[in-house]
Amino acid sequence: MENLFSDEFANFVNASTNQQRFEIICERLKSIDAKFKIITNQNLRHILVGFDSKFYNPQFRNKLIVCHYDRVPGTPGANDNSSAVWQVLEFIEQLVRWPVFHNVKILFTDGEELGEHGVTEQGSYYVAKNFESLGLKKYDVFVFDCTGRGDVAVMGKTILPKTISDKIKKQFNQLFENTKLLLKNAADNKWMTLPITLSDNASFLASGIPCVAITFLPMEEATLYARDILIKQFSADEENFKPSTFAKMKNQIYIPKTWQLFHTPQDNLQSLTPQSFVLMKSILEKLANLRTID
């Protein structure tokens, strides 16, 4: 793993536009001979990374790792979401020479921050609605958002849309249980299932695609947040917290400091924690070795 504050990572955080971040990601992928294609939708560009056919075994479900590279203009975005993007970019270097099959593809999405007024505005919604036509058949989706601060892995508590079929519910429940076990092993039991704010997972779930979202929090923040939710019996509304719900939360329950940093100048390199990068590496490696019979 590269130093947390390496020049390369700092340059990525300091990239002020989506165009600059897009170029850095593409150049990094080219430098390690990773195969990728650009998916365009209006003015948004997503980057889909695949691997040689020897890395895919049709007996098992495929896995799509998703993280958004866009950020709110004018903010450093070190945790939201440069950390996850950089961690996954480093992991791709391992995947291109993985010793056995891993059934993994990577998707760097654009336009996640556009979902403030609804799921259909998110850039990933286009990908989700065209999932199979993009060659993404029988995939479980793992969304990583804000994984640069904290030592507790938090999986988003999700209420599935009522329109989802029994088949998809079964697949989601299996994915949910598999992910809980994965986090338990990778995070040395430092993990929780809690309501989290809206992310790319909402687009996939709304499209009937099994998906979980994972973020990190410092132990003290996660504990206080979980305790307050339990005491006040606060639960997720619909498929995830919407921005309007999150605004209401601020006046009702404890909001982790990490979340208060989102979209502010304080979401910078200095706010990140080295242990988060160690934790993310462990999770990604165990994810590559996850085997789910289709």
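Note: the structure precedes this text.
The structure presented is a predicted model; accordingly, all values stated were derived computationally and were not measured.

**Here's the deal with the nonpolar core**
Core analysis: the biggest nonpolar cluster contains 89 residues, and Ile92, Ile106, Phe108 and Phe144 have the highest contact counts within it. No other element matches the nine residues that helix H3 (residues 78-95) contributes to this core.

**Comments concerning helix H7 (residues 219-232)**
Structural remark: α-helix, 3.6 residues per turn; residues separated by three or four positions point the same way. Along its 14 residues, H7 runs 20 Å from first to last C-alpha, staying within 8% of the 20 Å computed at 1.5 Å per residue. The complete set of buried residues in H7 reads Glu221, Ala222, Tyr225, Asp228 and Ile229. Taken end-on, H7 shows its buried residues confined to a sector of 135°, consistent with a single buried face. Turned more than 90 degrees away from the buried face of H7, the exposed residues are Glu220, Leu230 and Ile231.

**Examining the sheet that holds strand S7 (residues 191-194)**
Strand order in this open sheet of eight strands is S1-S2-S4-S3-S5-S8-S6-S7, and the pairing throughout is mixed. Two strands bound the open sheet, and with one partner strand each, they are strand S1 (35-41) and S7. Direction aside, neighbouring strands of the sheet carry axes that sit 25° apart on average. The sheet contact formed by strand S2 (residues 44-50) and strand S4 (residues 104-109) spans three bridges and is antiparallel. Following the sheet pairing, leucine 48 is matched in S4 by leucine 107. Contacting strand S5 (139-144), strand S6 (152-156), S7 and strand S8 (211-217), helix H5 (residues 166-186) runs over the sheet at an angle of about 25° to S8. On the sheet, helix H10 (residues 274-288) packs against strand S3 (62-68), S4, S5, S6 and S8 and is oriented at approximately 180° with respect to S5.

**Some thoughts on the pattern of salt bridges**
Across all of its chains, the model carries eight salt bridges by this definition. Aspartate 52 serves as the salt-bridge partner of lysine 35, at 2.5 Å between the closest nitrogen and oxygen. Taken together, the residues span a long stretch of sequence, with lysine 35 in strand S1 and aspartate 52 in the loop between S2 and S3 at a distance of 17 residues. Salt-bridge contacts for arginine 61 lead to aspartate 140; the nearest nitrogen and oxygen are separated by 3.0 Å. One end of the pair, arginine 61, is in the loop between S2 and S3; the other, aspartate 140, is in strand S5, and 79 residues separate them in sequence.

**Quick notes on the environment of glycine 135**
Checked against the element boundaries, glycine 135 lands in the loop between helix H4 (123-129) and S5. The exposure class assigned to glycine 135 is partly exposed, which follows from its relative accessible area of 41%. Between the C-alpha atom of glycine 135 and that of phenylalanine 277, which follows or precedes it by 142 residues, the distance is 30 Å.

**Focus: the environment of isoleucine 38**
Within the element layout of this structure, isoleucine 38 appears in strand S1. According to the relative accessible area criterion, isoleucine 38 is partly exposed, its value standing at 36%. For the pair isoleucine 38 and valine 49, spaced 11 residues apart in sequence, the C-alpha separation works out to 9.0 Å. Beyond its immediate chain neighbours, meaning those up to four positions away, isoleucine 38 contacts Phe22, Cys26, Arg45, His46 and Ile47.

**Some remarks on H3**
Look at H3: 24 Å from first C-alpha to last across 18 residues, which is about the 26 Å you get at 1.5 Å a residue. Across the 18 residues of H3, 16 count as buried, placing the element largely inside the fold.

**Structural notes on the environment of asparagine 18**
Along the polypeptide, asparagine 18 turns up in helix H2 (residues 18-31). With 241 residues separating them in the primary sequence, asparagine 18 and tryptophan 259 have C-alpha atoms 22 Å apart. Residues within four places of asparagine 18 in sequence aside, it is in contact with Tyr69, Asp70, Arg71 and Asp110. Only 2.9 Å separates the side chain of asparagine 18 from the side chain of aspartate 110, close enough to count as a polar contact.

**Topic: the state of the cysteines**
Tallying each qualifying case throughout the model produces zero disulfides. Here cysteine 211 stays unpaired: no disulfide links it, and the sulfur of cysteine 67, its closest cysteine neighbor, is 12 Å away. You can call cysteine 211 buried: its relative accessible area is 1%.

Rules used throughout
Residues numbered from 1 in each chain as written. Predicted model: local features only at pLDDT ≥ 70, side-chain atom pairs only at ≥ 80, totals over all residues. Heavy atoms only, no water. Core = buried A, V, L, I, M, F, W, Y, C linked by side-chain atoms within 4.5 Å. Buried < 20%, exposed > 50% of the residue type's maximum accessible area, 1.4 Å probe, protein only. Helix = DSSP H or I, 4+ residues; strand = E, 2+ residues; numbered from the N terminus. Expected span 1.5 Å × (residues − 1). Arc of directions from axis to C-beta. Pairing = 2+ DSSP bridges. Axes fitted to C-alpha atoms, helices over the stretch in contact; angles between N-to-C directions. Contact = heavy atoms within 4.5 Å. Salt bridge = Lys/Arg side-chain N within 4 Å of Asp/Glu carboxyl O. Polar contact = N/O pair within 3.5 Å; in protein donor to acceptor, adjacent residues only side chain to side chain. Disulfide = S-S within 2.5 Å.

So, to be careful, I would describe these as geometric facts and stop short of saying anything about function.
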